[in-house]
Structures are given as C-alpha cells and as structure tokens.
Amino acid sequence: MSRGNNILAAFLWSIIAFLIIYPLSILLKESFTITGTDIWGIGNYLEFFKDTYYLKTLGNTLLLSTYVLITTTVFGVPLAYILARYRHRGKTVFTALILLPIVLPAFAGVFAFIIFFGKYGTANLLLMDLGLIEKPINFIYGLHGLVFVQSLHMLPFIVLGLSAGFTNIDPAFEEAAEVEGASGFWRFITITLPLCTPSYLAGAVLVFLWPFTDWLTPMILGQTDLLPSVAYINIAYHFTDMHRKYMGIVAVVISAVFCISLFLLARWWVEKKKYTGLSKGTTSEGRVIEPGPLLKTGAYAYLTFIAVVVLLVPIVLGLSAFSRRWVFEPFPTYWTLENFRLILLESPLLIKNSFLFSGLALVFGVAFGLPAAYIIVRTRVPGKDALDFVITLMLAFPGIAVGVGYLLAFWDTIPLAQYWIIMPLALFARRLPYFLRMAHASYLQLDISLEEAAEVSGAGRLRTFMTISLPLLLKGVLVGVMMFFIMAFQEISTAIFLYRGGWETLPIGIYLNWHRGMEFGIAAAMAFLMIVITFILLLIASRIGGNMLKAAWSTDE
C-alpha cells in the first residue's frame, strides 16, 4: 500500500470534512438548539411534528414526489426504450434536447410555461380566438402545473438510467424469451423491464427527492404549503423571528434526513437487485431493433412531441427576451434588443460572476475529482469507498441544506461567508458528484495494464498519469467538465443564501427580477442567455461523450 496514496486520501478527506461534513454538522447542531437559549434538546422537532401545518407540508411534499415519479416513469420508459433500441436519424439532437431540462433552472421553465399556458397566455388566447373556449383554462397554476414542470425537469434522470439499463442487457435473455414464444410487449414486461430495475431505481430516487429540494418553483406557482418552500420562507423572510427561523432549520434538516434515508435505501436495493448475464453478449450500442414503418413513425412522433414541449422553454423565453411588451396577445408584436443592452451594458456583473464563480468551482472540482477518482478506482486505500459514498451522497442533499449550513458554519467562527470565495466553494461542494461520476466512469473504462506497462518501463506515477492516463481519460474528463460547469452555472438553491451585493449571478438576477416585480423581458433575456450557453455545452457533451453520460449514472461497476 503506497504511502503517497494514503497521504493523498487523507488530504482529500480533510477537504471533504471542512467543506461538507463540518457545515452540515453545524446545521444539524443548530436544529437542536432551543429557541432563545444555548441549550440543546429535541423541543424543536417535537413542536414541528405536533404542528398540523408542518405535518401537512410534509404530506403535501410526499404526495407531490409520488405524482412526479409516476409522471416521469410513464413518459420516460418509452422514451428511453426508443433512444436505446431504435436506430434513427437525429439521435444526438434528440438526446441533447431530452437532456436539456436537467441543466436548465426549473424556475426558468416555469416563467416560460406561465407565459404560454397562463390565464391569458398564448394557449388560452389562441383557443379563445378560434372559438373553442369562452373562458381561460387553468393549465399551469396549481398542483397539476407543478407536477408538469417538475416532471419535465427530472425526466432526463429516468431516461439516462433506463437507457443505460436497456443498452447493458444481454441480448441472450430476450432472445431466449422470444424462442419460448413471448410477444414483444410480454417480453418487455417480464424480461426487459425487470432487468432494468437497478438502473431505473438509480434515477427514480433522484426524481422522488427533487420536490424535497425545490423551493422556488412551487412559490412561483403559488404552492407554498410544501416543506422546502416553508423552510425557505421561514429562514429568508423571518430571520428576526427566532422561533420561525428554527422551525425553518428543522424543516431543512428533516428534508435532508428524509432524502439521505431514501437515497441509502435505494442504493441498498439497487445493489441487492443487480443482475449480471453470464454470456455478456452486449455491445457498446446494445441490442438494436429495426421497427416497422408504423412503429417507427410513432417513435418519431413521440420524440418530436417531447422535443417540442422541451423547446417551448427556450422559444418562449427567446420571444420574451427580444420583445418589450407581451400582454393580452398570443405572440409579441414589438421587438427590441433593449433587454440585452441592459444586461450587457448595465448588468455585466451578473454574467462575469456566473462565469467567475462557476469557473473557479470547476477548477476546484477537477483538481479534487481526478485524484479522488484515482483513489477510488485504482487503489486499496482504507476508506476509499466511504469517500465515494460521501461525495455521491451530496446528490441527495437539498441545496437549501448546503446553503443554510454554509451560512451558519462560515459566518462568525470561520468568516469565509463574508468573502466572495464562499460562492465558488459552495458550488464546488454542491456539484462535485457530477464531475466525479464522469471521472469515475472514465477510469473504469481505462485498462489498467496500460498504466502498468508505463510503470514497468520506468515512468513515475505522475509521468504515467500525464502521458498515458490523462490523454485516455480526456474524453470523459471533458464531458465531466462541461456537466459540472453547466450545473454550477445554473445553481440557485445554495447561492441564494450566500450572495451579498455585488455577488449576484445570472440565476439570482432572474430570481430578483421576478421577485421585485420588474419587467419580465429582462429576466427572460437572462434566462435565454443561460439556455444558449447550456444547450451548446450539452450538445458538445452529448456528442463527445457518446455513452459516457449513461455509463456515469448507471449502476454497473
């Protein structure tokens, strides 16, 4: 066992302890502090569970999570099957479009859908102009609208997981079922889908947990009786009311504990239900099915339908960004570049901060993620699995928990929160799993014999990494870099608690423009800039990565 590996692992653990374990432990400690005293106790939790309103918010959140999971499953299963099994033109573009919602702020989508599906939005105005309805239909406001927006945002997780599962299934299993006379649908239900259970659960748990982390989307749609929204309101708007502040902190901790518990349960179940084929007759493309003309047309129609729904967000925001007014008319009639002029000339700090904070977080992520992936995959250092587990667990932590934890931990004793460096540090801690999973998948696909051959030839470990490992890892690293940057670029749940005047980013600028009731065109222009940037990066990642995205989020080791 190399001494250098042990030192490297200890250094990585020290960073994790300082930037993740410490602030979250402070958050947990603060939740047990009795209001107005320095005494610890469970009084806050007893009061929370005795209050019928807070219990109602917990029940509402569970109900919302269930609806979102069902909706994403119903739409995601056929979508993943088509992308994984059918050969069709435009697959890269369709894949990028379907993955787009995951890297766009959910609240940006809400704004677009309010404009299009609102009471006097495009859809209602067109239907009334055609004489099909007399009064506007409530398409978006309410629980149904919230389920629609959150399901669209989380759909890529189901698609990624199931696509990896469908691709990795040994064709021998399905061929044996066909020999026994099983029809296509029956084979899918009894063989294909059960074999994808681990891959499905890996994405489904993240989908189910999303309503426990998203506080802004419900607020925009007027659904505030949900646990994360109540937590944000209590902390952000009632910070002088110590009782409500602590109830908000308790709500954050309960959300985090619930997310972690479900994440661990799903992880255990995935490991328990992992299936392995003895023949391993899979290929990188998996089994390919040539559908008939009717089925192929239906598949294209379904892909197009999902793509159109996804594209509504950038199209509507784009129209809003280039218009000065869009009121009581299906489409804008007055066009202008004034919104972009205001952003580029009067608010350039938002763009600068977004690139600066996300860029620094990316540097931290690469500098940490590559050594961490090496330790996890290539060494037998004690605690390497725990390191992987703790970092991956950040996927389950609500952003609001990280933001509040950083605010409590790094304000007085360690005053990092008083300096702008706290923003990239928080983004680094929050989005680290996205780069690590890509680096981890890349290392698993790199044959260790290549590195061993270089070492046998006399090359040191650093030279071996620079001349052999890194060039071969470059494809996965580039995909991880882009995914990390995209996710850090659109982060708001954590950053909203830490920013100060002059530290605003584009997502915070969008939120503040909405919150202050200013002209929506400016907020739309900000969101449209984010969409252009993220879509270009996502298209490159999808093109470069190939199956790398699916490999990173699959359950195979």
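This text follows the structure it describes.
Residues numbered from 1 in each chain as written. Predicted model: local features only at pLDDT ≥ 70, side-chain atom pairs only at ≥ 80, totals over all residues. Heavy atoms only, no water.

**Things to note about the side chain of S358**
When you line up the elements, S358 lands in helix α16 (residues 348-378). Polar side-chain contacts of S358 include one of 2.8 Å to the backbone oxygen of S354. In this structure S358 touches N353, L427, F485, A488 and F489, once residues within four positions along its chain are discounted. (Helix = DSSP H or I, 4+ residues; strand = E, 2+ residues; numbered from the N terminus. Polar contact = N/O pair within 3.5 Å; in protein donor to acceptor, adjacent residues only side chain to side chain. Contact = heavy atoms within 4.5 Å.)

**Topic: the pattern of salt bridges**
Once the charged atoms of two side chains with opposite charge are near each other, the side chains can pair. On inspection of all chains with the given rule, the structure shows five salt bridges. With a shortest N-O distance of 2.7 Å, R341 and E338 are connected by a salt bridge. Of the two residues, R341 and E338 both sit in helix α15 (residues 338-346), three residues apart, roughly one turn of that helix. Among the residues examined, R341 registers a relative accessible area of 35% and is labelled partly exposed. A relative accessible area of 24% places E338 in the partly exposed class. (Salt bridge = Lys/Arg side-chain N within 4 Å of Asp/Glu carboxyl O. Buried < 20%, exposed > 50% of the residue type's maximum accessible area, 1.4 Å probe, protein only.)

**A word on helix α22 (residues 506-515)**
Across the ten residues of α22, eight count as buried, placing the element largely inside the fold. Residues of α22 that are buried include every one of L506, P507, I508, G509, I510, Y511, L512 and N513, and no others.

**A look at the packing of helix α7 (residues 143-168) against helix α10 (residues 197-209)**
How two helices sit against one another is set out by the angle between their axes and by the gap between those axes. Close contact between α7 and α10 brings their axes to 7 Å; oriented N to C, the two are set at 170°. Taken together, the axis directions place α7 and α10 in an arrangement best described as roughly antiparallel. Where α7 abuts α10, its residues M154, F157, I158, G161, L162 and G165 lie against S199, Y200, G203, A204, L206 and V207. Per-class residue counts for the contact of α7 with α10 are eight nonpolar, four polar and no charged. (Axes fitted to C-alpha atoms, helices over the stretch in contact; angles between N-to-C directions. Parallel < 35°, antiparallel > 145°, perpendicular 65-115°, else oblique. Nonpolar A, V, L, I, M, F, W, Y, C, P; charged D, E, K, R; others polar.)

**Notes on a nonpolar patch on the surface**
On the surface, a cluster of nonpolar side chains totalling about 620 Å² of accessible area is made up of L63, Y67, I70, V74, F75, L143 and F305. In terms of residue count, the dominant contributor to the nonpolar patch is helix α3 (residues 52-85) (five residues). As for its placement among the helices and strands, F305 is situated in helix α14 (residues 293-321). Residue classification places F305 among the partly exposed residues on the basis of a relative accessible area of 45%. (Patch = residues over 30% accessible without salt bridge, like charges linked within 9 Å, V, L, I, M, F, W, Y side chains within 5 Å. Areas by Shrake-Rupley, 256 points an atom, 1.4 Å probe, with all protein chains shown as cover.)

**Things to note about the side chain of S65**
Structurally, S65 is set in helix α3. In this structure the side chain of S65 is engaged in a polar contact, spanning 2.9 Å, whose partner is the backbone oxygen of F208. Dropping the residues within four chain positions of it, S65 is found in contact with F208, P211 and F212.

**Side note on the nonpolar core**
Residues F166, L317, F397 and Y406 are the most contacted members of the largest nonpolar core, which totals 174 residues. Excluding residues within four positions of it along the chain, F166 makes contact with V77, A80, Y81, A84, R85, F188, T192 and C196. (Core = buried A, V, L, I, M, F, W, Y, C linked by side-chain atoms within 4.5 Å.)

**Details of the environment of L226**
By the secondary structure assignment, L226 is in the loop between α11 (216-220) and α12 (227-236). L226 gets classed as buried once you look at its relative accessible area, which sits at 6%. On a C-alpha basis, the gap between L226 and G59 in space is 8.3 Å, while along the polypeptide they are 167 residues apart. Discounting chain neighbours no more than four positions away, the residues touching L226 are T57, N60, T61, L64, L146 and P218.

Spatial relationships are all this shows, so hold off on functional conclusions.
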